[in-house]
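Observations on the three-dimensional arrangement
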Amino acid sequence: MSAESGLSTFRDRDGIWAQVDIEEVATPAGFSRCPERVHSFYNARRQRLLKANPNEGHIALARLEETHHLTIITQNVDDLHERAGSHNVLHMHGELKSALCAACGDRAPAPDILSVQDQCKNCGESALRPDVVWFGEMPYFMDEIDEHLAAADIFVAIGTSGQVSPANTFVLRAREGGAMTCELNLEPTTLSSLFHESRIGPATQLVPEWVAEISNG
């Protein structure tokens, strides 16, 4: 969803995980070994985010929320949905602009540059880490997400690789609840056959087109 805003994806051929060692920057063990390396990685991503802007896909979904009950469940850790005007956004993998205290669990807005010296305003410990769900950690909002999936009339997956659990099970949960399901993606995935409809193309084209259909329907 955010690739067309200039933010790197994770699992594409040239994505982030093809360039860095997952174990070093996206696991609790990696943070324990070298928090400076982890902070440097996420500080760089935070700087890129500051230069990015919402694209036509983000803007179209924000516009749809003005007339329909819409909840966005995103694996992205950027804030482009919110900056486009969306309010009902669940960041299941955390948020790049948030800091989590590994000592007390408090969350607070992260500075643009987060370091090992920064102290938690709640407990005073220098134990702040990016508030991002790492490998081996439980995604956020799972109970709330399950409720939305079970109650949905329409479920749309946008720009997902279909490789990451538990997000790759959402289409099945939505179908169990009776939702019509649609995939909007750059290319077919291993999940494509599970959707009632699959459309192939860039999000900046497909999402506004789909929103226009829903709005006029």
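Residues numbered from 1 in each chain as written. Predicted model: local features only at pLDDT ≥ 70, side-chain atom pairs only at ≥ 80, totals over all residues. Heavy atoms only, no water.

Concerning the packing of helix H4 (residues 56-65) against helix H8 (residues 203-216)
Stated precisely, the cut-off is as follows: Fitted lines through C-alpha atoms serve as axes, helices being fitted only where they are in contact, and the angles separating the N-to-C directions of these axes extend from 0 to 180 degrees. Counting from the N terminus, the helices are the DSSP runs of H or I reaching at least four residues and the strands are the DSSP runs of E reaching at least two. Orientation is classified from the angle alone, with under 35 degrees giving roughly parallel, over 145 giving roughly antiparallel, 65 to 115 giving roughly perpendicular, and any other angle giving oblique. By convention the crossing between two helices is left-handed if the near helix lies anticlockwise of the far one by an angle smaller than a right angle, and right-handed if it lies clockwise. Two residues qualify as a contact provided that any one of their heavy atoms is within 4.5 Å of a heavy atom in the partner residue. Nonpolar residues are Ala, Val, Leu, Ile, Met, Phe, Trp, Tyr, Cys and Pro. Charged residues are Asp, Glu, Lys and Arg, and all others, Gly as well, are polar.
Interhelical geometry of H4 versus H8 gives an angle of 15° and a closest axis separation of 7 Å. The angle between H4 and H8 places the two elements in the roughly parallel class. Classified by chirality, the crossing of H8 by H4 is left-handed. On the side of H4, the interface is formed by Glu-56, Gly-57, Ala-60, Leu-61 and Leu-64, while H8 contributes Ala-203, Thr-204, Val-207, Pro-208, Trp-210, Val-211, Ile-214 and Ser-215. Tallied by class, residues from the contact of H4 with H8 come to 9 nonpolar, 3 polar and 1 charged.

Topic: the packing of aromatic side chains
The line we're drawing: A pair of Phe, Tyr and Trp rings is counted when the ring centres sit within 6.5 Å of each other, with Trp represented by its six-membered ring. The angle between the planes then sorts it: under 30 degrees is stacked, over 60 is edge-to-face, the rest tilted. Under the scheme applied here, a residue whose accessible area is under 20% of the maximum for its type counts as buried, over 50% as exposed, and between as partly exposed, the area being computed with a 1.4 Å probe on protein chains only. Remark: a charge is flagged as sitting over a ring if the NZ atom of Lys or the CZ atom of Arg is within 6 Å of the ring centre and within 35 degrees of the ring normal.
Following the criterion strictly, the structure yields 5 aromatic pairs and no others. Centre to centre, the rings of Tyr-140 and Phe-141 are 6.2 Å apart; their planes meet at 80°, and the pair counts as edge-to-face. For Phe-141, a relative accessible area of 39% gives the class partly exposed. Taking 6.4 Å as the distance between ring centres and 15° as the angle between the ring planes, the aromatic pair formed by Phe-155 and Phe-195 counts as stacked. Of the two residues, Phe-155 is situated in strand E6 (residues 154-158) and Phe-195 in the loop between strand E7 (180-185) and strand E8 (197-200); the sequence distance between them amounts to 40 residues. The pair formed by Phe-155 and Phe-195 is uniform in burial state, with each residue classed as buried. Here the aromatic residues Phe-31, Phe-41, Tyr-42 and Trp-134 are joined through ring pairs into a cluster of three or more. For Arg-129, the ring lying beneath its charged end belongs to Trp-134, and the centroid distance is 3.6 Å.

A short note on helix H3 (residues 35-51)
Worth spelling out the cut-off: In a helix, the anticipated span is given by 1.5 Å times the number of residues less one.
Given a rise of 1.5 Å per residue, 17 residues ought to cover 24 Å, and the 25 Å separating the end C-alpha atoms of H3 matches this to within 8%. Residues of H3 that are buried include every one of Pro-35, Val-38, His-39, Phe-41, Tyr-42, Asn-43, Arg-45, Arg-46 and Leu-49, and no others.

Side note on the sheet that holds E8
Two strands in a sheet stick together by hydrogen bonds in their backbones, pointing the same way (parallel) or opposite ways (antiparallel). For the record, the criterion: Paired strands, in this sense, are two strands between which DSSP finds at least two bridges.
Taken in spatial order, the 3 strands of this open sheet run E6-E7-E8, and their pairing is parallel. Only two strands of the sheet have a single partner each, and these edge strands are E6 and E8. Shown here is a sheet whose adjacent strand axes are inclined to one another by a mean of 15°, direction ignored. When E6 meets E7, the two strands line up parallel, connected through 5 bridges.

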